[in-house]
Protein chains: 2
Amino acid sequence: MTSGASEGTRRSWKQNPEAVQEDILRVAIAVFAESGLSGARIDEIAARTQTSKRMIYYYFGDKMGLYMRALEAAYAKVRAGEDQLDLGTLPPDEALARLVAFTFDHHRSNPDFIRMVMIENIHNAESLAASAVIRNMNVSAIEKLRDICRRGEAEGLFRKGLDPIALHWQISALSFFNVSNRPTFSALFGEAVFSEDGQRALRRQIVDSLLAEVRPKAPGAL
Amino acid sequence: MTSGASEGTRRSWKQNPEAVQEDILRVAIAVFAESGLSGARIDEIAARTQTSKRMIYYYFGDKMGLYMRALEAAYAKVRAGEDQLDLGTLPPDEALARLVAFTFDHHRSNPDFIRMVMIENIHNAESLAASAVIRNMNVSAIEKLRDICRRGEAEGLFRKGLDPIALHWQISALSFFNVSNRPTFSALFGEAVFSEDGQRALRRQIVDSLLAEVRPKAPGAL
DNA sequence: GCAAAATTGTACCAACTGTTACATTAAAGG
DNA sequence: CCTTTAATGTAACAGTTGGTACAATTTTGC
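The sections below set out a description of the structure shown in this document.

Conventions we followed
Residues numbered from 1 in each chain as written. Chains lettered and ligands numbered in written order. Predicted model: local features only at pLDDT ≥ 70, side-chain atom pairs only at ≥ 80, totals over all residues. Heavy atoms only, no water. Contact = heavy atoms within 4.5 Å. Buried area = accessible area lost by both parts, 1.4 Å probe. Salt bridge = Lys/Arg side-chain N within 4 Å of Asp/Glu carboxyl O. Polar contact = N/O pair within 3.5 Å; in protein donor to acceptor, adjacent residues only side chain to side chain. Helix = DSSP H or I, 4+ residues; strand = E, 2+ residues; numbered from the N terminus. Buried < 20%, exposed > 50% of the residue type's maximum accessible area, 1.4 Å probe, protein only. Lys, Arg positive; Asp, Glu negative; His and termini not counted. Least-squares fit on C-alpha atoms with pLDDT ≥ 70 in both. Axes fitted to C-alpha atoms, helices over the stretch in contact; angles between N-to-C directions. Parallel < 35°, antiparallel > 145°, perpendicular 65-115°, else oblique. Left-handed = near helix turned anticlockwise from the far one by under 90°. Phe/Tyr/Trp six-rings, centres within 6.5 Å; stacked < 30°, edge-to-face > 60°. Expected span 1.5 Å × (residues − 1). Core = buried A, V, L, I, M, F, W, Y, C linked by side-chain atoms within 4.5 Å.

### Quick notes on the interface of chain A and chain B
So, step 1. Contacts between the two partners involve 48 residues from chain A and, on the opposite side, 48 residues from chain B.
So, step 2. Between chain A and chain B the total buried area reaches about 4200 Å² when both faces are included, carbon and sulfur atoms providing 71% of it.
So, step 3. When residues of chain A are sorted by the area they lose upon contact with chain B, I122, W169 and F189 of chain A head the list and together hold 19% of the total.
So, step 4. At the boundary of chain A and chain B, one finds 0 salt bridges.
So, step 5. Seen at the junction of chain A and chain B, the total is 7 residue pairs in polar contact (both at pLDDT 80 or more).
So, step 6. Listed by contribution, the elements that provide at least two residues to the side of chain A that touches chain B are α1 (17-35), α6 (111-122), α8 (132-137), α10 (164-180), α11 (182-189) and α12 (196-214) of chain A.
So, step 7. With 12 residues, the single largest contributor to the side of chain A that touches chain B is α10 of chain A.

Given below as structure tokens:
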């Protein structure tokens, strides 16, 4: 709490509302992801912050308010990362391959987000359902896939009648489970699948599998 | 404290330790699955039981002891259900198809078990790793797959070098996610995937996909 | 039958934890 | 400057909750 510049002894503080809120949200995501909704302690969040418990209640009202804002912030950060991915110029099959591989890697590098979604599922997605903010963020994820499907069908590379949502379901399932269930899976069946080699093989497998799925069923030879 | 001498009715009770413990475990699974480890309240578990809070501590020591026994009981029940499935006589490809479809359905009908595993993953599988009981139960799941792979390779139906654990990973991922992430997924992308038709299509898709994966890569036409 | 062990009932507590009342200081407006 | 409002520090409270002390009752061992 030492303000460095001129007068050191005077007990004073700078005001910086936005930085304070961001600080709180950053820590809140970490703690909620770590301990769950009921498991997370406001005192611990406060302790890991540059500010005090008082400010959490000042800005976020109560624990649920903080949780919802943290959930929204977690989604926002991850979706922003996803928007970095540009598939517009690639041919459909390469675009799909790249999207799958990217999703797999992206989930791996955002374990806190995965854990927030796990927690939200434990609570039946009540907070998520109540947040229009989050719902709007997720249409773009499907739009990407819908566009790929449309182009793939138009070029005859993909079979007709593909369901972008079902495809997204499959991609999400494999990429999500890979992070969410690592603790139990590796405890029961070993760490091999999660080694560098194992993960590389898995990602390749998933990409190939998805590509095979969208290709038109060849009646004769290829 | 004082003897309840008011009414002459003698208060008496039957002893039935095993039934009491089973009752407690049954309720504990439900409540832990519903509210998580920190979210679950011993008082609520006791209230939904035929017995009292006192007995929970008498038989299970503390909350963590109860949680671990509940986790073991949940695993035991589900694995017992899986052992009903007999694949010994089927040809390998049909056996695999049946195993995948069965797993998909079995997970759907055991949401409490899925939620217990979710909770365990949130807590980094610490209780699961500490339970030799559970670890022993899960070898058979892999053995089934290993046997199918062995037979499939021997008959030339499957390609060589299949990894039973990686296969199990894929089957689990899709079947698990289907239950675990239904709340968030349907909140964001609609319920269609989880309708009867949607689930049938999904299961078919998964089975086909896995079968295609294990088949030898045809160099020429089929 | 009887003492010891096992099982259950009742009431209670100590600690934790979300939340708030009150006081104080920094910025904004005029 | 001075008033008002926004932002922060300090400390405590009230409800909850895991856990227990003590007693009563049933079963078991002999």
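### Comments concerning the pattern of salt bridges
So, step 1. In this structure the tally under the stated criterion is 26 salt bridges over all chains.
So, step 2. Residues D83 of chain A and K144 of chain A are paired through a salt bridge, measuring 3.7 Å at the closest nitrogen-oxygen approach. Here D83 of chain A is found in the loop between α4 (63-82) and α5 (92-108), whereas its partner K144 of chain A is found in helix α9 (residues 139-154), with 61 residues between them in sequence.
So, step 3. Overall, D83 of chain A belongs to the partly exposed group, its relative accessible area being 48%.
So, step 4. Put simply, R200 of chain B and D197 of chain B hold a salt bridge, and the shortest N to O gap is 2.6 Å. In this pair, R200 of chain B and D197 of chain B both sit in helix α12 (residues 196-214), 3 residues apart, roughly one turn of the helix.
So, step 5. Of the residues examined, R200 of chain B reaches a relative accessible area of 44% and is grouped as partly exposed.

### What about the side chain of E120 of chain A?
So, step 1. The topology assignment puts E120 of chain A in helix α6.
So, step 2. Despite its burial, E120 of chain A pairs with no opposite charge; the closest candidate is R135 of chain A, at 10 Å N-O.
So, step 3. A polar side-chain atom of E120 of chain A sits 3.3 Å from the main-chain amide nitrogen of E126 of chain A.
So, step 4. Look past the residues within four positions of E120 of chain A in its chain and what remains in contact with it is Y67, L71, A125, E126, S127 and L128 of chain A together with T184 of chain B.

### Section: the relation of the copies chain A and chain B
To go from the first copy of the chain to the second, apply a rotation about an axis and then a shift along the same axis.
So, step 1. Note on the identical chains: chain A maps onto chain B by a rotation of 180° and an axial translation of 0.0 Å, with an RMSD of 0.0 Å. Taken together, the rotation and translation relating the two chain copies correspond to the operation of a two-fold axis.
So, step 2. Comparing interface residues between copies, 100% of those in chain A also lie at the interface in chain B; the contact surface is shared.

### Regarding the packing of α4 of chain A against α6 of chain A
Residue and element names in this part refer to chain A.
So, step 1. Their axes nearest at 10 Å, the elements α4 and α6 cross at an angle of 135°. Between α4 and α6, the angle is such that the two are oblique. The crossing of α4 and α6 is left-handed. Across the interface between the two elements, Y67, A70, L71, A74, Y75 and V78 of α4 pack against F113, M116, V117, I119 and E120 of α6.

### Let's talk about the packing of aromatic side chains
So, step 1. Evaluation of the coordinates by the stated rule reveals 16 aromatic pairs over all chains.
So, step 2. Considering the side-chain rings of Y58 of chain A and Y59 of chain A, the 5.1 Å spacing of their centres and the 70° angle between planes classify their relative orientation as edge-to-face.
So, step 3. Three or more aromatic residues link up through ring pairs in this structure, and these residues are W169 and F176 of chain A together with F177, F185, F189 and F194 of chain B.

### A few points about α5 of chain A
So, step 1. Taking 1.5 Å of rise per residue, 17 residues should cover 24 Å, and α5 of chain A covers 24 Å from first to last C-alpha, within 8% of that figure.
So, step 2. Taken as a whole, α5 of chain A has its buried residues at P92, A95, L96, A97, L99, V100, T103, F104, H106 and H107 of chain A.

### Topic: unusual backbone geometry
So, step 1. In this structure, A125 of chain A is a non-glycine residue whose phi angle is positive, near 55°.
So, step 2. Structurally, the position occupied by A125 of chain A is in the loop between α6 and α7 (126-129).
So, step 3. The buried category is assigned to A125 of chain A, whose relative accessible area is 1%.
So, step 4. Even without being a glycine, N124 of chain B presents a positive backbone phi close to 60°.
So, step 5. Structurally, the position occupied by N124 of chain B is in the loop between α6 (111-122) and α7 (126-129).
So, step 6. Looking at N124 of chain B, the relative accessible area reads 45%, which means it is partly exposed.

### Structural notes on the nonpolar core
So, step 1. Membership of the largest hydrophobic core comes to 136 residues, with the highest contact counts inside it found for F32, L66 and W169 of chain A together with F32, L66 and W169 of chain B.
So, step 2. Those residues in contact with W169 of chain B that lie beyond four places of it in its chain are L174, F177, N178, F185, V193, F194, L202 and I206 of chain A.

All quantities given are derived from atomic positions and should not be read as evidence of function.
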